[in-house]
Amino acid sequence: SAGMRKKAEPAIAASPVAVELIDLPGEEIPLDASSVDTVVLTYTLCTIPGAVQALEGMRRVLKPGGKLLFCEHGAAPDAGVAKWQGRIEPVWKPFAGGCHLTRDIPDLLRQGGFEIEQMDTGYIPKSPKWAAFNYWGSAR
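Residues numbered from 1 in each chain as written. Predicted model: local features only at pLDDT ≥ 70, side-chain atom pairs only at ≥ 80, totals over all residues. Heavy atoms only, no water.

Caption draft 1: Inspection of the pattern of salt bridges at higher detail. Evaluated as defined, the whole model comprises three salt bridges. When the shortest N-O distance is used, the salt bridge between K67 and E117 registers 3.5 Å. Here E117 lies in strand β3 (residues 116–123) and K67 lies in strand β2 (residues 62–73), a separation of 50 residues in the sequence. K67 sits in the partly exposed class, given a relative accessible area of 28%. Relative accessible area serves as the criterion here: at 40%, E117 is assigned to the partly exposed category. Look at the salt bridges and you will find they share partners, linking K67, E117 and R140 into a network. (Salt bridge = Lys/Arg side-chain N within 4 Å of Asp/Glu carboxyl O. Helix = DSSP H or I, 4+ residues; strand = E, 2+ residues; numbered from the N terminus. Buried < 20%, exposed > 50% of the residue type's maximum accessible area, 1.4 Å probe, protein only.)

Printed below as a string of structure tokens:
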């Protein structure tokens, strides 16, 4: 999104690593098949409309043996928190760039053709629980 690109500008300018932004939706990755060693996915599955399609594209561009590293927020396992996520999500989405609070991240990864190698989960401290349940790890 334009807003996130603006926020990223200072970090990109200060980065010792060359960063190239690809200006297309996540569902349309303009890279050759088997051309990428690692895909890093951070806090994006909540907003990509075609999340499974985007993950399939990520899998397509990964080289054999390549990894997907992920850190995403999504559906909480606690019934009370999950209930509030469902209530808040319709109001939250328009203000947060289409962010879905209730997406099942492990299920999306599997639907996209990935096998989760390692995954940790938990609430981010000092954050509202309805927006703070995180999943992070790696998949192939």
